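Here's the letter readout for the chains.
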Amino acid sequence: MASACNPAELLHAPRGKRNEKRVLTLPQATIILAALGLRERLIVKLAGICGMRPGEIAGLQWNNIGETALRVERRVYRGRIDTPKTQQSIRAVALPTSVNDDITEWRNTSRNTNPDAWVFPSENGKSPLWINTLWYDHIRPTLQKMGLEWATYQVLRRSAVTLLNAHGADGTIVAAQCGHSVDTSTNVYNKVGLERQLAAVQTLDNALATAAPNTPTA
């Protein structure tokens with residue numbers, strides 16, 4: 001989800017630029033969110049606003065969810081429950097208002113909200129959701145109708161980083177939110193804090209709400 005000078009340039013990949021690292025514009029992001037159901041919309045927001053990796057989203061349990069943040073403690077990688085990718089990946093992820101609202105609604109409709117239950121369970125409820133299968137079966141078909149089939153989880157996460165920077169978040173905040181590294185000196189000497197992370201993602205969340213068309217969400 002990124003603010004580009006000319007959003008139309010991102011709608012179709014020019015020939016010879018298939019490896020271009022693309023991002024979504026605010027209008028494209030709001031159109032996607034308006035078209036998705038609750039579960040898929042929440043997953044897209046966790047990746048595209050909060051900057052989470054798909055395996056981290058799949059690895060969430062209800063005991064990881066707090067009032068203004070969630071805690072990344074595990075990931076699901078190639079079907080296996082694993083530790084997060086790096087030490088920086090074990091982190092608190094700030095949750096803006098619309099994400100919190102969707103989490104509350106999803107909790108109210110979930111069959112099992114015990115602390116150790118998966119936030120996004122498989123059909124049997126005993127294992128986490130195969131999040132890549134969800135993408136190809138439920139999210140990508142919607143994107144294809146919009147001409148945005150090039151979007152992926154990686155595009156969403158890259159878009160979150162781009163938009164957070166575009167809306168005033170410095171590199172240290174983005175690194176803390178998304179679980180990746182910045183220059184070592186900045187990491188060591190510039191302490192971020194969850195309050196600044198929350199302010200950054202809330203600014204992006206507000207921008208998405210402002211850019212959204214006046215149509216009801218799915």
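Residues numbered from 1 in each chain as written. Predicted model: local features only at pLDDT ≥ 70, side-chain atom pairs only at ≥ 80, totals over all residues. Heavy atoms only, no water.

Describing the confidence of the model for the protein chain
- Summing up the model confidence of the protein chain, the mean pLDDT is 86 and the portion of residues at 70 or higher is 84%.
- Here residues 1-19 is modelled with pLDDT under 50, and outside its nearest four sequence neighbours on either side it reaches 39 contacts, counting other chains as well.
- With pLDDT under 50 throughout, residues 184-191 is counted as low confidence; its partners more than four residues away or in other chains account for eight contacts. (pLDDT = per-residue confidence, 0-100. Contact = heavy atoms within 4.5 Å.)

Brief notes about the nonpolar core
- The biggest cluster of nonpolar side chains holds 55 residues, and the ones touching the most others in it are L46, M52, L70 and F120.
- In this view, L70 contacts L46, M52, L60, N64, I65, R91, A92, V93 and L95; residues no more than four positions away in its chain are not counted. (Core = buried A, V, L, I, M, F, W, Y, C linked by side-chain atoms within 4.5 Å. Buried < 20%, exposed > 50% of the residue type's maximum accessible area, 1.4 Å probe, protein only.)

Quick look at the environment of G59
- Looking at the element boundaries, G59 is found in the loop between helix 3 (54-58) and strand 1 (69-72).
- By relative accessible area, which is 1% here, G59 ends up buried.
- Sequence-wise, G59 and Y77 are 18 residues apart; in three dimensions their C-alpha atoms are separated by 9.1 Å.
- The contact partners of G59, leaving out residues within four places of it in the chain, are N64, R74, V76 and W118. (Helix = DSSP H or I, 4+ residues; strand = E, 2+ residues; numbered from the N terminus.)

What about the pattern of salt bridges?
- As enumerated under the stated definition, the model contains seven salt bridges in all.
- The partner of D102 in a salt bridge is R41, with the nearest N and O atoms 3.1 Å apart. Linking D102 in helix 4 (residues 97-109) with R41 in helix 2 (residues 38-48), this pair joins segments that are 61 residues apart in sequence.
- Exposure remark for R41: the relative accessible area of 6% places this residue in the buried category.
- Of the charged contacts in the structure, one is a salt bridge between R75 and D82, with a shortest N-O distance of 3.5 Å.
- Each member of the salt-bridge network shares a partner with another, and the members are R41, K45 and D102. (Salt bridge = Lys/Arg side-chain N within 4 Å of Asp/Glu carboxyl O.)

A look at helix 4
- Helix length check: helix 4, at 13 residues, gives a terminal C-alpha distance of 19 Å against a target of 18 Å (1.5 Å per residue), a fit within 8%.
- Listed as buried for helix 4 are S98, V99, N100, D102, I103 and W106.
- On its buried side, helix 4 packs onto helix 2 and helix 9 (194-211). (Expected span 1.5 Å × (residues − 1).)

Notes on helix 7 (residues 171-178)
- Burial within helix 7 is extensive, with six of its eight residues counted as buried.
- Taken together, the buried positions of helix 7 are occupied by T172, I173, V174, A175, Q177 and C178.
- Taking the backbone nitrogen of T172 as reference, a side-chain oxygen 3.0 Å away marks D170 as the first, capping residue of helix 7.
- Looking one or two residues past helix 7, G179 carries a phi angle of roughly 80°, positive in sign. (Polar contact = N/O pair within 3.5 Å; in protein donor to acceptor, adjacent residues only side chain to side chain.)

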